[in-house]
Structures are given as structure tokens and as C-alpha cells.
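Chains, contacts and geometry: an overview
Next come the chains, spelled out residue by residue.
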Amino acid sequence: QVQLVESGGGLVQAGDSLRLSCAASGRTFSTYHIGWFRQAPGKEREFVAAISGSGGSTYYTNSVKGRFTISRDNAKNTVYLQMNSLKPEDTAVYYCAADTSLHTIMVVPATIDYWGQGTQVTVSS
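Right, let's walk through the structure included here. Note that the structure is a prediction, hence the values are computed from the model and not measured. (Residues numbered from 1 in each chain as written. Predicted model: local features only at pLDDT ≥ 70, side-chain atom pairs only at ≥ 80, totals over all residues. Heavy atoms only, no water.)

Once that is clear, we can look at the sheet that holds strand β8 (residues 78-83). Taken together, the 4 strands give an open sheet; going across it, the order is β1-β3-β8-β7, and neighbouring strands pair in antiparallel fashion. Each edge of the sheet is formed by a strand with only one pairing partner; in this case those strands are β1 (4-7) and β7 (68-73). Neighbouring strand axes in the sheet, compared pairwise and without regard to direction, differ in orientation by 15° on average. The pairing of β7 with β8 spans 6 bridges and is antiparallel. Looking at β8, one finds that F68 is bridged to M83. (Pairing = 2+ DSSP bridges. Helix = DSSP H or I, 4+ residues; strand = E, 2+ residues; numbered from the N terminus. Axes fitted to C-alpha atoms, helices over the stretch in contact; angles between N-to-C directions.)

Moving on to the environment of E46. Turning to its location among the elements, E46 is positioned in strand β5 (residues 46-51). It is 8.9 Å that separates the C-alpha atoms of E46 and T61, two residues lying 15 residues apart in sequence. Residue contacts for E46: discarding those within four places in its chain leaves F37 and R38. A distance of 2.6 Å separates the side chain of E46 from the side chain of R38, its partner in a polar contact. (Contact = heavy atoms within 4.5 Å. Polar contact = N/O pair within 3.5 Å; in protein donor to acceptor, adjacent residues only side chain to side chain.)

What follows covers unusual backbone geometry. Here N77, not a glycine, exhibits a phi torsion of approximately 55°, which is positive. With respect to the helices, strands and loops of the structure, N77 is situated in the loop between β7 and β8. A residue is classified by how much of its surface remains accessible, and N77, at 16% relative accessible area, is buried. Residues other than glycine seldom take positive phi values, yet S85 does so here, at roughly 50°. (Buried < 20%, exposed > 50% of the residue type's maximum accessible area, 1.4 Å probe, protein only.)

Okay, the state of the cysteines next. Under the counting rule described, the total for this entry stands at 1 disulfide. Between the sulfur atoms of C22 and its disulfide partner C96 the distance amounts to 2.1 Å. Negative torsions about the S-S bond denote left-handed disulfides, and the value of about 70° found for C22 with C96 makes this one right-handed. With a gap of 74 residues between them, C22 in strand β3 (residues 18-24) and C96 in strand β9 (residues 92-99) connect regions that are remote in the sequence. Exposure class is identical for C22 and C96. Each is buried. (Disulfide = S-S within 2.5 Å.)

Together, Y59, M106, V107 and V108 make up a nonpolar patch on the protein surface, roughly 310 Å² of accessible area in all. Along the chain, V107 falls in helix α1 (residues 102-107). (Patch = residues over 30% accessible without salt bridge, like charges linked within 9 Å, V, L, I, M, F, W, Y side chains within 5 Å. Areas by Shrake-Rupley, 256 points an atom, 1.4 Å probe, with all protein chains shown as cover. Salt bridge = Lys/Arg side-chain N within 4 Å of Asp/Glu carboxyl O.)

Quick look at the packing of aromatic side chains now. If you walk through the whole model with that rule in mind, you get 3 aromatic pairs. Considering the side-chain rings of Y32 and Y114, the 6.0 Å spacing of their centres and the 70° angle between planes classify their relative orientation as edge-to-face. Of this pair, Y32 sits in the loop between β3 and β4 (33-39) while Y114 sits in strand β10 (residues 114-115); the two residues are 82 residues apart in sequence, bridging distant segments of the chain. Residue classification places Y32 among the buried residues on the basis of a relative accessible area of 10%. (Phe/Tyr/Trp six-rings, centres within 6.5 Å; stacked < 30°, edge-to-face > 60°.)

By themselves, these are just geometric observations and shouldn't be taken as functional.
Now the structure itself:
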């Protein structure tokens, strides 16, 4: 069992930065790949970024490349999403998710084992 708790969301202006955190329970955190997803009102959930269990591989959706950075500290059981140059279109509830399969995170997220409760990010223009 893995429990995920997101934090760090808030209301910011366009161009500002935020760092989201995803804190996980469990002693096998490094065996889980972690993904960040977001869902804006009236829209489907979309993939944002993912990081492998070791932290050696990272993946991003095109719209956030160069602005967002995903990282992890396995000693702290935490994954971070540093978001810079935020835009109004980044407004959404952001969720982190954990799975032992990177394929599942990247291709079939509906079957991901564990999800956090989400944190709201609002970017005003």
C-alpha cells in the first residue's frame, strides 16, 4: 500500500513559480514510478510529467517542457514538481500517482495503482 499526499498548490499570477510536493508512505518508495497529472474544469485529466523510481529518467508533456521539472528524493519519500513561468492554462487540480509500471503511468493511467487527493493550482492573468 502507498498513500500519496500532494501539497504546494495555490493562487499565483502568470509568470510566477510554484513547487508541488507529493509525499508518499511506505518503505518501498523507490520501486514506484511517479506521475503528475492535472485536470482543469470541464476537461479530461491529462499527463504532465513522470519520473522513474531511481529518478534517472523523466518525461514531460510538450506544453510544460522547459517550464516544469520533476524530481524525487527517495530518502524523503517525496517527489517534486517545480513549475516556472506559469500560465493561466496551467490552472487545474494537480494529482500525483504511483505505479510499479512506467508504461501504466504513461499509457494507461486509468489503471494506476495509487493516487493522491490533489492540490489546486490557479494562475491568474
